Amino acid sequence: MAGLSSSLFVLSLLCVLPLYLCQQSYGGKLNPGYYAHSCPQAGEIVRSVVAQAVARETRMAASLMRLHFHDCFVQGCDGSLLLDSSGRIVSEKSSNPNSKSARGFEVVDQIKAQLEKQCPGTVSCADILTLAARDSSVLTGGPSWMVPLGRRDSRSASLSGSNNNIPAPNNTFQTILSKFNRQGLDVTDLVALSGSHTIGFSRCTSFRQRLYNQSGNGRPDMTLEQSFAANLRQRCPRSGGDQILSVLDKVSPAKFDNSYFKNLMENMGLLNSDQVLFSSNDKSRDLVKKYAEDQGEFFEQFAESMIKMGNISPLTGSSGEIRKDCRKINS
């Protein structure tokens, strides 16, 4: 599978070559060959900067994937998450899902700076996030896919959208699924995309409730495997230590694989939003089992669902803009 991923990644980079090789549209006006003539170096620039960042800190791969997810769930994949507060803009970075946890913005800045040197005013920040998410998967051993391109950047942000649209760690299964459904994503997308938690970390504040007060009665979540829970309590106290990190996948936290799903079958999902995929719904449980048994099936569906998520309400044509600086709208 690793060889296949490498081959697919190389193929995706070849889409900077003859446009007819990559002309297929993946959603409206988006297609992988969008920058073939205007900025043929775009894919390689993004890949190079992301590779350097992940080499410095493996966790950055998960952080960049999360930026793409949190961007797309708020007014579409338009780079709105990257905007700082200024003037009429109230940044999504200060929302509950992003505050003190969203990271990787400096990597996006570095990519954008290099792209502006090579191809001024051409590659959008929204497309940077989409490419960086794919490259983060490949660099940690996960699948590759053709990335449809041609998104433009928003001139607005939505703090309320960020607070309301992004699933929270302690949401019920039905609440999470409803939030995915509102974006045009189904239960298969939910389970596959949740598999990105095979890499990365989560903060104590995101899973403390499961350890000490799951249902508001002062009792822990009894679906959590007890020895695993005991180890987590040693790292995550009842109060304080909100920023203490624990790995999302206890088996291979730096490798993109299917061990996340195997953990769920053993009741060792770190977040409630992870474990409910196995404990709360028959269809999602069956998908967890399938992906735990067959990594190839997971990789194939993850790639398909990432493309689908990346096509959520993109700005194209004359809508939006191509920001010169991903943190602020053009003057």
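Going by what an unreviewed UniProt entry lists, the chain is known as Peroxidase and is assigned to Brassica oleracea var. oleracea. Regarding the chain, the relevant UniProt record gives this comment under Function (unreviewed entry): "Removal of H(2)O(2), oxidation of toxic reductants, biosynthesis and degradation of lignin, suberization, auxin catabolism, response to environmental stresses such as wounding, pathogen attack and oxidative stress. These functions might be dependent on each isozyme/isoform in each plant tissue." Per UniProt, the chain has the following entry under Subcellular location (unreviewed entry): "Secreted".

With that out of the way, let us pick up the packing of aromatic side chains. To describe a pair of aromatic rings, one takes the distance between the centres and the angle between the planes. In total, this model carries 14 aromatic pairs according to the counting rule given. Following the ring pairs from residue to residue traces out a cluster consisting of Trp 145, Phe 256, Tyr 260, Phe 261, Tyr 291, Phe 298, Phe 299 and Phe 302. The ring centre of Phe 105 lies 4.2 Å from the NZ or CZ of Lys 93, which sits over that ring.

Our next topic: the state of the cysteines. In a disulfide, the sulfur atoms of two cysteines are covalently bonded to one another. Overall, the coordinates contain four disulfides when judged by the stated rule. The disulfide partner of Cys 39 is Cys 119, and the gap between their sulfur atoms is 2.1 Å. When the S-S torsion is 75°, as for the bridge of Cys 39 with Cys 119, the disulfide is right-handed. Here Cys 119 lies in the loop between helix H4 (105–118) and helix H5 (125–139) and Cys 39 lies in the loop between helix H1 (2–13) and helix H2 (42–56), a separation of 80 residues in the sequence. Pair check on accessibility: Cys 39 and Cys 119 agree, each one buried. The disulfide that involves Cys 72 links it to Cys 77, with 2.0 Å between the sulfurs. A torsion of 120° about the S-S bond marks the disulfide between Cys 72 and Cys 77 as right-handed. By relative accessible area, Cys 72 is classed as buried at 0%. Note on Cys 77: relative accessible area 0%, which makes it buried.

Take the environment of Ala 292 next. With respect to the helices and strands, the residue Ala 292 is situated in helix H13 (residues 282–293). The spacing of Ala 292 and Asp 257 is 35 residues in sequence and 9.5 Å in space, taken between C-alpha atoms. Once residues within four sequence positions are removed from consideration, Ala 292 is found in contact with Asn 258, Phe 261, Lys 262 and Met 265.

Once that is clear, we can look at the confidence of the model for the chain. The pLDDT averaged across the chain works out to 91; a share of 92% of its residues lies at or above 70. Low pLDDT (under 50) marks residues 1–27, which in the prediction has 49 contacts with non-local residues, meaning those over four places away or in another chain.

Quick look at unusual backbone geometry now. One non-glycine residue, Lys 100, lies in positive phi territory at about 65°. Within the fold, Lys 100 resides in the loop between helix H3 (59–72) and H4. The class of Lys 100 is exposed, set by a relative accessible area of 69%. Of note, Ser 313 is a non-glycine position whose phi angle comes to about 45°, a positive value.

One way to put it is that H2 packs onto H5 with a least axis distance of 9 Å and a crossing angle of 55°. Here H2 is positioned oblique relative to H5, judged by the angle of their axes. The interaxial crossing formed by H2 with H5 has right-handed handedness. Judged by residue contacts, Gly 43, Val 46, Arg 47, Val 50, Ala 51 and Val 54 of H2 engage Ile 128, Leu 131, Ala 132, Asp 135, Ser 136 and Leu 139 from H5. When grouped by side-chain class, the residues that make up the contact of H2 with H5 number eight nonpolar, two polar and two charged.

Rules of the game
Residues numbered from 1 in each chain as written. Predicted model: local features only at pLDDT ≥ 70, side-chain atom pairs only at ≥ 80, totals over all residues. Heavy atoms only, no water. UniProt positions renumbered as here; feature names shortened; annotations may be inferred. Phe/Tyr/Trp six-rings, centres within 6.5 Å; stacked < 30°, edge-to-face > 60°. Lys NZ or Arg CZ within 6 Å of the ring centre and 35° of its normal. Disulfide = S-S within 2.5 Å. Helix = DSSP H or I, 4+ residues; strand = E, 2+ residues; numbered from the N terminus. Buried < 20%, exposed > 50% of the residue type's maximum accessible area, 1.4 Å probe, protein only. Contact = heavy atoms within 4.5 Å. pLDDT = per-residue confidence, 0-100. Axes fitted to C-alpha atoms, helices over the stretch in contact; angles between N-to-C directions. Parallel < 35°, antiparallel > 145°, perpendicular 65-115°, else oblique. Left-handed = near helix turned anticlockwise from the far one by under 90°. Nonpolar A, V, L, I, M, F, W, Y, C, P; charged D, E, K, R; others polar.

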